[in-house]
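Structural description and commentary
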Amino acid sequence: MAEQHPIALQRPGSIVIAVLTYRRTEDLRMVLPRLAEQAHSVSDAAAGTVRPQILVIDNDPAASGRSTVEAVAAAFKPGLITYIHEPKPGIAAARNRALAQSAFADLLIFIDDDEMPYGRWLAHLVNLQRATGASAVVGPVISDYQDEPDAWITAGRFFERRRLATGTPLTVAATNNLLLSVPKVRELNLEFDERFGLSGGSDTLFTRQLVRRGGTMLWCDEATVVDRVPTMRLTRGWVLRRALRSGNSAARVSLELERTAGRRLAARSASLISGLIRLAGGAGQMALGLLAGSTTHEARGFRTAARGLGMASGAFGYVYQEYKRM
């Protein structure tokens, strides 16, 4: 499995499915066969006009996923699954490696290694892009819990995500279920900012830049993936740290988008004010919940306050580094 040069995909209609991974070999064993099914179903439906390939980007310096990917790939047609080792730390570096390796492709689809595609996931993404010419298409992510979360986490809606009508325009998205038009990405001169590689937010910045530079991003509600949430994430500490990180990266992205000192000052002020309002409002709701014995008010107050604290700290340039590399 070569890993030094871009995949030779030069025919119109070529598709790459990129799976970014870091020390999750069991997840890879589960998801790769499902992605192979998705690739075959699109090829069959299109009568050979597309050539889906699966690209695994291993961001572990120790290349721990290599043997697993090679073992799974051996059960399928040669060339369907390709392993790439990207030792540079940070998810942004892995995302950029996927872009580089797919330089000749028409479409690049990102999916996380702990997610499972559902139904005709790939076909729905591709069909909407083909019908509209969108620069990007985004699908929903549904959480599936290893263990039932406690009432506090459920009440706080920590794992609830948006659902929209298909065709709804978007201004921001994550890469956990994202299709990109590779020619449009090249035209807009886009890549993932590796300064956000260990803090999170490079996908937020990338998609906001895509729309700011004239690209279109649409929602496809039928293109569903299921996110398998392990027990270790079902704690109050974990979900609150994630809320803080989300607010922190959102503020930092807003600053990065502005090119002049005046506009950066305005963005900094807006993030600070918004963060402080959320922090105060969340603290008030939290206190109300504690006094009234309302789990819902308490949990949602904590969530709002954590995001507000993240925004306020991000406005001052503080970087909350959630992702660790040992």
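On a predicted model such as this, the values are computed, not experimentally measured, just so you know.

Rules used throughout
- Residues numbered from 1 in each chain as written.
- Predicted model: local features only at pLDDT ≥ 70, side-chain atom pairs only at ≥ 80, totals over all residues.
- Heavy atoms only, no water.
- Core = buried A, V, L, I, M, F, W, Y, C linked by side-chain atoms within 4.5 Å.
- Buried < 20%, exposed > 50% of the residue type's maximum accessible area, 1.4 Å probe, protein only.
- Helix = DSSP H or I, 4+ residues; strand = E, 2+ residues; numbered from the N terminus.
- Polar contact = N/O pair within 3.5 Å; in protein donor to acceptor, adjacent residues only side chain to side chain.
- Contact = heavy atoms within 4.5 Å.
- Pairing = 2+ DSSP bridges.
- Axes fitted to C-alpha atoms, helices over the stretch in contact; angles between N-to-C directions.
- Phe/Tyr/Trp six-rings, centres within 6.5 Å; stacked < 30°, edge-to-face > 60°.
- Lys NZ or Arg CZ within 6 Å of the ring centre and 35° of its normal.
- Expected span 1.5 Å × (residues − 1).
- Salt bridge = Lys/Arg side-chain N within 4 Å of Asp/Glu carboxyl O.
- pLDDT = per-residue confidence, 0-100.

Once that is clear, we can look at the nonpolar core. One finds Leu32, Leu35, Ile54, Ile81, Ile109 and Trp121 to be the most contacted residues of the largest nonpolar core, which totals 37 residues. Broken down by element, the residue count for this core peaks at seven residues, all from helix 1 (residues 25-45). Membership of the second largest hydrophobic core comes to 28 residues, among which are Leu20, Leu108, Ala173 and Trp219.

In this section: the side chain of asparagine 96. Mapped onto the fold, asparagine 96 is located in helix 3 (residues 91-101). Within polar-contact distance, the side chain of asparagine 96 engages the backbone oxygen of phenylalanine 192 at 2.7 Å. With sequence-adjacent residues up to four places away left out, asparagine 96 is seen in contact with Glu191, Phe192 and Glu194.

It is worth spelling out helix 3 at this point. Counting buried residues along helix 3, nine of its 11 residues qualify, which places the element largely inside the surrounding structure. Listed in full, the buried residues belonging to helix 3 are Ala92, Ala93, Ala94, Arg95, Asn96, Arg97, Ala98, Leu99 and Gln101.

On to the sheet that holds strand 5 (residues 115-117). The three strands lie next to each other as 5-10-7, forming an open sheet whose pairing is mixed. Each end of this open sheet is capped by a strand with a single partner; those strands are strand 5 and strand 7 (141-145). Averaged over all adjacent pairs, the angle separating strand axes in this sheet is 30 degrees, with direction ignored. With five bridges joining them, strand 7 and strand 10 (residues 225-229) adopt parallel strand pairing.

As a further point, take the sheet that holds strand 1 (residues 15-21). Note on sheets: strands pair through backbone hydrogen bonds, and any given pair is parallel or antiparallel. Pairing is mixed in the open sheet, where seven strands are placed in the order 3-2-1-4-8-6-9. Each edge of the sheet is formed by a strand with only one pairing partner; in this case those strands are strand 3 (81-85) and strand 9 (217-219). Going from strand to strand, the sheet's axes swing by 20 degrees on average, the running direction of each strand aside. The pairing of strand 1 with strand 4 (residues 107-112) spans six bridges and is classified as parallel. What sits directly across from alanine 18, in strand 4, is phenylalanine 110. Against the sheet, helix 2 (residues 66-73) engages strand 2 (52-58) and strand 3, with an angle of about 170 degrees to strand 3.

Before going further, it helps to examine the packing of aromatic side chains. Tallied over the entire structure, the rule returns six aromatic pairs. Residues phenylalanine 159 and tryptophan 238 carry aromatic rings whose centres are separated by 6.2 Å and whose planes lie at 10 degrees to one another, so their mutual orientation is stacked. On the criterion of sequence distance, the pair formed by phenylalanine 159 in the loop between helix 5 (151-155) and strand 8 (177-181) and tryptophan 238 in helix 8 (residues 236-257) is long-range, its members being 79 residues apart. Of the residues examined, tryptophan 238 reaches a relative accessible area of 12% and is grouped as buried. Pairwise contacts between aromatic rings join Phe110, Phe192 and Phe206 into one cluster. A cation over an aromatic ring shows up here: arginine 303 above the ring of phenylalanine 158, its NZ or CZ 5.7 Å from the ring centre.

Taking 1.5 Å of rise per residue, 22 residues should cover 32 Å, and helix 8 covers 32 Å from first to last C-alpha, within 8% of that figure. Judged by how many residues are buried, helix 8 sits mostly within the fold: 16 of 22 residues are covered.

On inspection of all chains with the given rule, the structure shows 19 salt bridges. When salt bridges that share partners are traced, they join Arg24, Asp113, Asp114 and Arg233 into one network.

Attention now moves to the environment of proline 78. Residue placement: proline 78 occurs in the loop between helix 2 and strand 3. Sequence spacing of proline 78 and leucine 276 is 198 residues, and the spatial spacing of their C-alpha atoms is 55 Å.

Turning to the confidence of the model for the protein chain, a few remarks are in order. Residue-level pLDDT values for the protein chain average 90, and 92% of them are 70 or greater. When the criterion is pLDDT under 50, residues 1-5 qualifies, and its contacts beyond four places in sequence or with other chains add up to 17 contacts.

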